[in-house]
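# Examining the three-dimensional arrangement
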Amino acid sequence: MPNIFKRPGSLKFLALASSALVVAALSGCSAASTTESTPNVSSDPVSLGEPVRGGSATLATQGSPVNMDPADGQLYASILVYQNIFSTLIDVDKDYQFVSNLAESWLQEDDLTWSFKLVEGVKFHNGETLTADDVAFSIDRMRTSGLGAFVSVFESVEVIDDLNFKIRLSAPYGAMEATLASFVDIVNRKAVETSDPKENPIGTGPYKLTNWVKGSTVTLTRFDDYFKADKPYLDEVVFETVPDDSVRLAGLQTGKFDWIQTAPAQQIPELLESTEFGQSNSGAYLPYLVLLNTVSGPFTSIEARQGLNWVIDRKQIVELAFSGAAVEASEAVSDVNPFFSGVNIYEGAPDLGKAQALFEEAGVTDESLTILVDQADSAYALIAQIIQSGLEGVGMTSTIETVASSEYFGRLVSGDYDIAMTIFSASLDPAMTYNLLGQSESGFNFTGYKSATLDAAIETFAFSTDQDARKASYPALVEAFQTESPFLFVANRQTQYFTSATLGGASSLPTLEVRVEDLWQAVAR
Amino acid sequence: MVLRRLALTVPILLGTSVVVFLILRLVPGDPAASILGSNATEQSIVKVRAALGLDLPLWEQFGAWLGGVARGDFGRDYITNQEITEQLELRLPITVALAGVAFLLALIAAIPLGVVAAVREGGWVDRSVRAVAVLFIAVPDFVFGLLGILLFAVGLSLVPSSGYTPIEEGYLEHLRSLALPAAALSLGLGGVLTRVTRSAMLDVLGSDYVRFAKASGFSSSSIVFRYALRNASVPIITVIGLQVGYILGGTVVIEQLFGLPGLGQLIVEAMLARNYPVLQACILVFVAAFILVNLITDLLYTVLNPRLRRTSTS
Amino acid sequence: MTAQDGASPDQTLKTGGSRLRNRATLSSRIEIVAGGFLVAGAVIVAIVVPMIDPAASTAVGAAPALLSPGFPNLLGTDQLGRDQLARVAAGYGISLTIASGAVLISLVIGGLLGLLAATSKSSIDGLIMRTLDVVMAFPALLFAIVVVAIFGSGSEVLMLAIGIVFVPVITRVTRAAALETARQSYVEAATARGARRSRVILRHIAPNSVGPVLVQASILFAVGIMLEASLSFVGLGVPPPTPSLGLMLSTARNFIVSDPWIAIVPAIAILLLVLGFTLIGDGLQAWLDPKKRTTAR
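What you are looking at is a predicted structure, and each value in this text was computed from that prediction instead of being measured. (Residues numbered from 1 in each chain as written. Chains lettered and ligands numbered in written order. Predicted model: local features only at pLDDT ≥ 70, side-chain atom pairs only at ≥ 80, totals over all residues. Heavy atoms only, no water.)

Our next topic: the interface of chain A and chain C. Taken together, the contact pairs 17 residues of chain A with 16 residues of chain C. Buried surface at the junction of chain A and chain C, both sides included, amounts to about 1500 Å², of which 51% is carbon and sulfur. Counting the contacts that link chain A with chain C gives 0 salt bridges. At the surface where chain A touches chain C, the tally comes to 2 residue pairs in polar contact (both at pLDDT 80 or more). (Contact = heavy atoms within 4.5 Å. Buried area = accessible area lost by both parts, 1.4 Å probe. Salt bridge = Lys/Arg side-chain N within 4 Å of Asp/Glu carboxyl O. Polar contact = N/O pair within 3.5 Å; in protein donor to acceptor, adjacent residues only side chain to side chain.)

Right under this line is the structure:
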């Protein structure tokens, strides 16, 4: 076809040039820049040498803190951050040994009384000195707050002098030290009375809060008068909220983040082998469990609950929902925990035949169940789908309802579900878990299950201070809970943090505490 | 006509703000209960409702909200109690950068290609440009984004696969983090623009005026640039106005895919968390932007085409 | 086919004569056929594959997870060991169902509104069009998000949400067609004879509107499928485990480095389906109205 124009040269050139310009702009500028700079320090933690003071680090977390008041911290995302602003009386190490923190020494005087002596001269961020009065104040206010259930057995705190005090319990409590190590952060009475503790946390911890962009970043700066003279190492720490697993990992790979909370499980083998990144130890410290509505619906009958236990394929959950980064669990703790019992009355599950028989006995067939899933953690949805698939094997249909966290808790409380998934991050001592979730009168008893047998088993295990006797009575507790099964454990997730090659000191702890004071940068940043 | 257009914008803005305001009031569930969570009791719910102004008549609430918005105060977020305006200020630049770069990419690529295709009508250049344009229109932006990540980020390591680098950390890195998302976002607009440009150019080039100019000895390039493009720009600009809506909607998905912390991602997060005040604010901003862009294109339309200044359109 | 069918000399010049006119229709035929082939293929897959094994799309652990395409899982498996081909088929089913529902809703509502607007007095016409302006002020995806925010997610809500987004377009097309019909001389003649204007328009509108409405419908199918996929991608669409192509893409993101096939399969699947409808719409447009070679989305 004849072209209208005889000399298209200039046009053609222009068109080509502009297209070329676009292409060049896109690729040229990226080709000119270098990719991730390779660190000149090996990632093998041993060769990182001794901790060095100075530098900063950016830690990418999954969630975002909502309030900094340790008496009210119900979200793990908040706890993770503010545990570096406050200190507990006691700490726990990787080997489940209790070590002193703010409490220089402590002693169990009798079944109901524990006495403590504080380290002298500990300062709060506002210059005030730590006294026993602050401890009494902290524990008292916790009792009437969101985390009150954990300290419900703490009857009173008797202040003897500035450094000495006694905690009196209403019943002997085997998980006393564990509770103190997990949740009881000490606040300053004066600070709480003069400003909003949710927004202005004043603690004795290694870092002060200097900036908080809600939903985005938290900046912590070194507290120079920290009572541990040699710590912390880093001058500044920034917690950044990155809800997306792949974006977090990408940030680690490009050097934007020095530490990430979780990595997509299927990338873990690669990360472990790579010399570009470091990692902490890994421990199966986080139990995932399934709550059953025992007040209304099909799971009011014990046969139905037991039937469900025979349906669930824990091996598949570990493989498919966690890509192997978890261990099967039938109790609150995994085998790294001193209490671990290994009891599993449903050995050999899944067994659809047994499940079917039990469901029929319960009169629960052809039911349509609701599985409630909190949208915050992608593992829940995967576990739910696996359970759903299992249920189909016994002819039961189920719908998975994924809801926002705020709605999720509302529905849990009002019993608007049949099956719900959750985690329970307080399992340093299994008494905390079973007591809070399973005791008839507990405020955290979402399943609504009340049983004298279980209460008795909890009483024996939790409310005794003879640790040997406790260890001996634990298997019976596990078995009792497995038999009546108001909730059941499915897996215990491996907690492992991945870091840049130059960040040392990262460790994974049974309390799921992220101890930033241990971190250091081998290369000054 | 310009005044008419401006006058029409006001009721549209008002109408859309009513719809947006109603989101919060029509959703199931009680905002007070969800704020209080497990601490909800009868009295506390009543107190919170009063504090939020939820016990006032609907039109009063609307007035208060609208008044606040006019002052630039979008209220507070239910969940974190943060000022929504702050969140918007943080995130808006990112979305604007993304949409802006996408828009520019589309313009820079589409218009020359459309012109070339028109000039070379029927030839293989024309056919391939049209085929590519159809493909770009048909590929959903996040599909291209995903495939692009595979190819350019994972395979060739040219750009990061996700995440946003602000300008302060380096102009080049900033552009690199936006390159792939903006490219993905620009495809739909680019494809449509190419075709519109081509067809508008064809229309103009086939007209009597051009034949006459050619016969009179004007050079082809001057005809194209001084006359044809100017007249072809009218339908091009009309289409741009419509397509901007798709770019704005597209930022929601693209920001999610690439992990860019912009307004689009905020909308998704707010939706998933049932954070309705934030959702309201974001949608209002988007809609206002869209209306604004359409207003500008309409005005440009009349500027470029004086004949229309006196006639009315429907 | 030369200039005898009323084409002006200008048009002939622009289109380069009869040969190009032929080619224009031929290429539009190719587009329609190619698009039809893709759509028909998707429909067949959506219907036939589930008949082979109805549970395959949600059967967790039926096969090892994250397999690449091969035997027996032709398109591989996803992270829970479910067959990708079955999931794509189910995903096609969902996309087509929701898109069909949305287009149907928009045709019914939009058609009625368009006719109403065209045959009523100008104040009602104005009211309808201004209300639709408000709807059109929302970018499509955002409007759908607003509807989902109010009514919750689920297939029916998605159909409604997307359908309402399309109503303004269909209304305009129907209204324009009705007004065009009204201009015809036989309408004048009929009204002169005493018949009601609106009745006459309704009776004769069909030939004028079928073309443009068909074109818009195919475009709307394409857009509807993209909107549903986008909503599912960000988590606001059909809830899991019902496989939606958008949802499959969203979960595939975490695996893209190690197992790219889990992302490529749904990506290509959506691409082909949307391309099919776009080609049909394009071809129809070119065939029915060769002067306008563009399709605005």
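The subject of this paragraph is helix α13 (residues 430-438) of chain A. In terms of burial, α13 of chain A is a largely internal element, 9 of the 9 residues being buried. Turning to α13 of chain A, its buried residues are Pro-430, Ala-431, Met-432, Thr-433, Tyr-434, Asn-435, Leu-436, Leu-437 and Gly-438 of chain A. (Buried < 20%, exposed > 50% of the residue type's maximum accessible area, 1.4 Å probe, protein only. Helix = DSSP H or I, 4+ residues; strand = E, 2+ residues; numbered from the N terminus.)

With that settled, consider the pairing of strand β5 (residues 113-118) of chain A. Residues and elements named next belong to chain A. Across the 6 residues of β5, 5 count as buried, placing the element largely inside the fold. Relative to β5, strand β4 (residues 103-110) runs antiparallel, the two sharing 6 bridges. Note that in β5 the partner of Asp-110 across the bridge is Thr-113. Between β4 and β5, which pair antiparallel and follow one another directly, the connecting turn spans 2 residues. Bridge count between β5 and strand β7 (residues 164-169): 5 bridges; the pairing is antiparallel. Bridge pairing in β7 links Phe-116 to Phe-165. (Pairing = 2+ DSSP bridges.)

A word on the environment of Gly-297 of chain A. Residues and elements named next belong to chain A. Relative to the assigned elements, Gly-297 resides in the loop between β13 (283-292) and α8 (302-311). For Gly-297, a relative accessible area of 37% corresponds to the partly exposed category. Between the C-alpha atoms of Gly-297 and Arg-53, which are 244 residues apart in sequence, the distance is 58 Å.

Time to look at a nonpolar patch on the surface. Taken together, the side chains of Val-43, Ile-44, Ile-47, Val-48, Met-51 and Ile-52 of chain C define a hydrophobic patch exposed on the protein surface, amounting to about 590 Å² of accessible area. Of the residues examined, Ile-52 of chain C reaches a relative accessible area of 67% and is grouped as exposed. (Patch = residues over 30% accessible without salt bridge, like charges linked within 9 Å, V, L, I, M, F, W, Y side chains within 5 Å. Areas by Shrake-Rupley, 256 points an atom, 1.4 Å probe, with all protein chains shown as cover.)

Turning next to the sheet that holds β5 of chain A. All names here are of chain A. A sheet is described by the order of its strands in space; here 4 strands give the open sequence β4-β5-β7-β6, paired in antiparallel fashion. Each edge of the open sheet carries a strand with a single partner, namely β4 and β6 (154-159). Each strand axis lies, on average, 20° off the axis of its neighbour in the sheet, ignoring direction. Strands in contact with helix α3 (residues 132-143) are β5, β6 and β7; relative to β6, the strand with the most contacts, it is inclined by about 165°. (Axes fitted to C-alpha atoms, helices over the stretch in contact; angles between N-to-C directions.)

A few words now on the nonpolar core. Counting residues in each nonpolar core, the largest one holds 146 residues, and the members touching the most others are Leu-89, Phe-154, Ile-167, Tyr-173 and Phe-359 of chain A. Ranked by the residues each element gives to this core, the list is headed by helix α11 (residues 378-393) of chain A, at 9 residues. Leaving out residues up to four positions away in the same chain, Phe-359 of chain A has contacts with Phe-299, Ala-304, Gly-307, Leu-308, Val-311, Val-364, Val-394 and Met-396 of chain A. Grouped together as the second largest cluster of nonpolar side chains are 141 residues, Leu-263 of chain B together with Ala-102, Val-165 and Ala-217 of chain C included. (Core = buried A, V, L, I, M, F, W, Y, C linked by side-chain atoms within 4.5 Å.)

Residue and element names in this part refer to chain C. When pLDDT is averaged along chain C, the result is 80; 86% of the residues meet or exceed 70. Averaged pLDDT values for the elements of chain C fall to 39 in helix α1 (residues 9-15) and rise to 91 in helix α3 (residues 84-119). Confidence drops under pLDDT 50 across residues 1-20; counting only partners more than four residues distant or on other chains, this segment forms 20 contacts. Between residues 292-297, whose pLDDT stays under 50, and residues either more than four places distant or in other chains, the model counts 23 contacts. (pLDDT = per-residue confidence, 0-100.)

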